[in-house]
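Spelled out from the first residue to the last, the chains are:
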Amino acid sequence: MGVSCLASVPRFCMHRSSTFNVYGFRFAVRSTAEEPVTGLQEDFAFFLSDEPPAIYIDLFEQDPPTEELPTGDAIAYTPRNVAYRKDGLRYIDYHGRALGIQDTSTGNYKLYARDLNLLYEAAYLYLLSQIGRFLDGRGLHRMHALGITVKERAVLVLLPMGGGKSTLGLELLKNPHVQLLSDDSPFINKKGDVLAFPLRLGLLPGSEKAVPE
């Protein structure tokens, strides 16, 4: 990871991560703060790549430029954010706390927030949604399941949120013949092949010592 100053944003120097390639979805993350980049590097470490990125995700630790929001009806509402669209741009407003602007022609995305935790979390969730949408179009679909391999055969364990997928995964990993594909959302293709999607394990406090070496 290096530091570079972008000509398009001369006031800011960007901490740039390595490029990631998630089964063809190639992106790089740059930020005016180091923490969000480091967090996303750790999240997507399995997919680090030397290939050139197709999409740039730029994160700015600054007040959201809410004056750029278009007037008119929103195209989507969620408890977390409201989305608008105008002139080839898609705006995601996190109720004034953060603002994301996507260029729909290139896929490039700029996200603004003062709160570094929100900057990281919003970028992470945005990437998950974009990766899922891209791979859906290629016939790769995320499953809400624990995915493991046993002697080169894939096993999916489907449980509801909070049903114990991560806890079960930790117990199974104590067996040397078991490997983890994803504790929450592996991908599956049309042939029934299961592809790894390892992100950070979500564990309850006090469970850290249960992680096998």
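This text goes with the structure placed above it.
Throughout what follows, the structure given in this document is the object of discussion. (Residues numbered from 1 in each chain as written. Predicted model: local features only at pLDDT ≥ 70, side-chain atom pairs only at ≥ 80, totals over all residues. Heavy atoms only, no water.)

## Observations concerning the environment of P186
Mapping P186 onto the fold places it in the loop between β14 (178-182) and β15 (187-188). Sequence separation between P186 and H141 is 45 residues; the distance between their C-alpha atoms is 8.2 Å. Residues within four places of P186 in sequence aside, it is in contact with H141, R142, M143, A145, G147, L156, V194, L195 and F197. (Helix = DSSP H or I, 4+ residues; strand = E, 2+ residues; numbered from the N terminus. Contact = heavy atoms within 4.5 Å.)

## Comments concerning the sheet that holds β15
Across a sheet, paired strands are connected by hydrogen bonds in the backbone, their directions being either parallel or antiparallel. Ordered by their spatial adjacency, three strands build an open sheet running β11-β15-β16, and the pairing between neighbours is antiparallel. Edge positions in the sheet fall to β11 (141-142) and β16 (194-195), since each has one partner strand and no second. Pairing of β11 with β15, which is carried by two bridges, proceeds in the antiparallel orientation. In the sheet register, H141 faces β15, and the bridge partner there is I188. (Pairing = 2+ DSSP bridges.)

## A few points about unusual backbone geometry
Residue D87 is not a glycine yet carries a positive backbone phi of 50 degrees. Inspection of the secondary structure puts D87 in the loop between β7 (82-86) and β8 (89-93). For D87, a relative accessible area of 70% gives the class exposed. Phi is positive for K151, which is not a glycine, with a value near 55 degrees. One can find K151 in the loop between β12 (146-150) and β13 (153-157). Overall, K151 belongs to the exposed group, its relative accessible area being 65%. (Buried < 20%, exposed > 50% of the residue type's maximum accessible area, 1.4 Å probe, protein only.)

On their own, these measurements won't tell you what the molecule is for.
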